[in-house]
Amino acid sequence: MESLRLIDQWPVDNAAAAVVRADGTVAGRHGGPGREFPLASVTKLLTAYAALIAIEEGVVELDTPAGPPGSTVRHLLAHTSGLAFDAHKPMAEPGNRRLYSNAGFEQLTDALTEHSGIAFATYLSQALLEPLDMANTRLEGSPAAGAVSTVDDLVRFAAELQQPKLLDPSTVAEATSVVFPGLTGVLPGFGHQKPNDWGLGFEIRDHKSPHWTGSTSSPRTFGHFGQSGTFLWVDPDAQAACVALADRTFGPWAAEAWPPFTDAVLAELREG
């Protein structure tokens, strides 16, 4: 795909990208597919998927109490527990605001560890990474932002998101639909959004503006971006997903470069 060559114009030392069709085939790759990059908050997609596996396995339920008083697994996944961004202290009542929270994902995995008796990094490997043969992906720190991976590994994950084998498709459909609709909040890097729609660990594009995906991305697009210069989106209407990893911290360069890149990818998919 010629559109993927746009990453060569990004002001970064290294970048890699790939597009995965809904049937799991790779439409294109560019850059070093095996190069390892820190994922930052794209880690949350892996953590959320492992949590959904745990739910299907009966380790916990969405309504299992977890996090601050009144909060549940559902609240933590949807960033509505009321916990602060990086501090383990409540800033609001559960369910009232969309407060994006790394601490919430840490408390989520604390609950998973408590109920499963398995350290979360081990559970993540056994439940998700090993079955998908994501051999170059590992959790090195916080389950909110501490994973390292490659484009090749995330291609496998992007295929799983579109044609689930580890989860029932209805579970993925629920996770990628809006949970607690209508809540406002700040989308990190892009300001206050009304509403700030989110699924169970997956950010929902909806009609947010500004946004890190493209102007032609469908409202059903879901995914996540990371402060390390990374993103993964799935656009169900385009029947494709895109992974892009870079080694420069998110900033104005990314907010300017990513949307036209996504629009170019989508245009090439439509033409092809």
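Our subject is the structure that appears above.
Below: a short report on this structure. (Residues numbered from 1 in each chain as written. Predicted model: local features only at pLDDT ≥ 70, side-chain atom pairs only at ≥ 80, totals over all residues. Heavy atoms only, no water.)

**Some details on the overall build of the chain**
Here's step 1: Summing up its helical and strand segments, the chain has 7 helices and 11 strands in all.
Here's step 2: Computed over the C-alpha atoms, the radius of gyration of the chain is 17 Å, within 12% of the 19 Å expected from 2.2 N^0.38 for a compact globule of 272 residues.
Here's step 3: Projecting the C-alpha coordinates of the chain onto the three principal axes gives extents of approximately 50 × 40 × 35 Å.
Here's step 4: Burial analysis of the chain (272 residues in total) assigns 57% to the buried set.
Here's step 5: When contacts within the chain are restricted to residue pairs at least 6 apart in sequence, those whose partners lie at least 24 apart make up 56%.
Here's step 6: Carbon and sulfur atoms make up 49% of the accessible area of the chain, which totals about 10800 Å².
Here's step 7: One finds the centroid of the 18 positive side-chain charges in the chain at a distance of 5 Å from the centroid of its 32 negative side-chain charges. (Helix = DSSP H or I, 4+ residues; strand = E, 2+ residues; numbered from the N terminus. Rg over C-alpha atoms; globule rule 2.2 N^0.38 Å. Buried < 20%, exposed > 50% of the residue type's maximum accessible area, 1.4 Å probe, protein only. Contact = heavy atoms within 4.5 Å. Areas by Shrake-Rupley, 256 points an atom, 1.4 Å probe, with all protein chains shown as cover. Lys, Arg positive; Asp, Glu negative; His and termini not counted. Charge placed at Lys NZ, Arg CZ, Asp CG, Glu CD.)

**Points about the nonpolar core**
Here's step 1: Ranked by internal contacts, the top residues of the largest apolar core, which has 59 residues, are Y49, L77, L128, F157 and L232.
Here's step 2: Broken down by element, this core gets its largest block of residues, 9 residues, from helix α1 (residues 43-56).
Here's step 3: Residues in contact with F157, not counting those within four places in the same chain, are L45, L46, Y49, L128, L132, M134 and L232.
Here's step 4: Counting residues in hydrophobic clusters, the runner-up holds 28 residues, among them V12, Y100, A244 and A254. (Core = buried A, V, L, I, M, F, W, Y, C linked by side-chain atoms within 4.5 Å.)

**Here's the deal with the packing of aromatic side chains**
Here's step 1: This structure, assessed with the given rule, holds 16 aromatic pairs.
Here's step 2: Between the aromatic rings of F85 and Y100, the centroid separation amounts to 6.0 Å while the plane-to-plane angle is 25°, which identifies the pairing as stacked. Remark: Y100 occurs in the loop between α2 (73-77) and α3 (102-116) and F85 occurs in the loop between α2 and α3; sequence separation between them is 15 residues.
Here's step 3: Overall, F85 belongs to the partly exposed group, its relative accessible area being 44%. (Phe/Tyr/Trp six-rings, centres within 6.5 Å; stacked < 30°, edge-to-face > 60°.)

**Details of the sheet that holds strand β3 (residues 37-38)**
Adjacent strands of a sheet pair through backbone hydrogen bonds, lying either parallel or antiparallel.
Here's step 1: In space, the 3 strands of this open sheet follow the order β3-β5-β4, with antiparallel pairing throughout. At either end of the open sheet lies a strand with only one pairing partner, and these are β3 and β4 (138-139).
Here's step 2: Sheet topology note: the β4/strand β5 (residues 147-149) ladder contains 2 bridges and is antiparallel. Bridging across to β5, R138 finds its partner in V148. (Pairing = 2+ DSSP bridges.)

**Some words on the pairing of strand β2 (residues 26-31)**
Here's step 1: Judged from the 5 bridges that link them, strand β1 (residues 15-21) and β2 form a sheet pairing that is antiparallel. Bridge assignment links V19 to a residue of β2, and that residue is G28.

**What about helix α5 (residues 151-162)?**
Here's step 1: In a regular helix each residue adds 1.5 Å, so 12 residues correspond to 16 Å; α5 covers 16 Å between its end C-alpha atoms and thus fits that length.
Here's step 2: Burial of α5 is extensive: 10 of the 12 residues sit out of reach of the surface.
Here's step 3: Restricting attention to buried positions, one finds in α5 the residues V151, D153, L154, V155, F157, A158, A159, E160, L161 and Q162. (Expected span 1.5 Å × (residues − 1).)

**With respect to the side chain of K208**
Here's step 1: Relative to the helices and strands, K208 resides in the loop between β8 (203-204) and β9 (222-226).
Here's step 2: Its relative accessible area of 3% is what places K208 among the buried residues.
Here's step 3: A distance of 3.4 Å separates the side chain of K208 from the side chain of N196, its partner in a polar contact.
Here's step 4: A distance of 2.7 Å separates a polar side-chain atom of K208 from the backbone oxygen of D197.
Here's step 5: Ignoring anything within four residues of it in the chain, the contact list for K208 reads L187, Q193, P195, N196, D197, W198 and E203. (Polar contact = N/O pair within 3.5 Å; in protein donor to acceptor, adjacent residues only side chain to side chain.)

**Observations concerning the pairing of β9**
Here's step 1: Taking burial as the measure, the 5 residues of β9 include 5 buried ones, the bulk of the element.
Here's step 2: Neither face of β9 is exposed, since F222, H224 and G226 on one face and G223 and F225 on the opposite face are all buried.
Here's step 3: Two strands pair when backbone bridges link them, and β8 and β9 are joined in this way by 2 bridges, in the antiparallel orientation. Looking at the pairing, E203 lines up with G223 of β9.

**Quick word on the packing of α1 against α5**
Here's step 1: At their nearest, the axes of α1 and α5 sit 12 Å apart, and the two run at 50° to each other. By the criterion of interaxial angle, the relationship of α1 to α5 is oblique. α5 is crossed by α1, and the crossing has left-handed handedness. Touching L45, L46 and Y49 of α1 are F157, E160 and L161, all from α5.
Here's step 2: Grouping the amino acids of the contact of α1 with α5 by side-chain chemistry returns 5 nonpolar, no polar and 1 charged. (Axes fitted to C-alpha atoms, helices over the stretch in contact; angles between N-to-C directions. Parallel < 35°, antiparallel > 145°, perpendicular 65-115°, else oblique. Left-handed = near helix turned anticlockwise from the far one by under 90°. Nonpolar A, V, L, I, M, F, W, Y, C, P; charged D, E, K, R; others polar.)

**Observations regarding the environment of H88**
Here's step 1: Structurally, H88 is set in the loop between α2 and α3.
Here's step 2: Residue classification places H88 among the partly exposed positions, given a relative accessible area of 45%.
Here's step 3: Within polar-contact distance, the side chain of H88 engages the side chain of E106 at 2.8 Å.
Here's step 4: A distance of 3.0 Å separates polar atoms of two side chains, one belonging to H88 and the other to Q107.

Geometric values such as these leave the question of function open.
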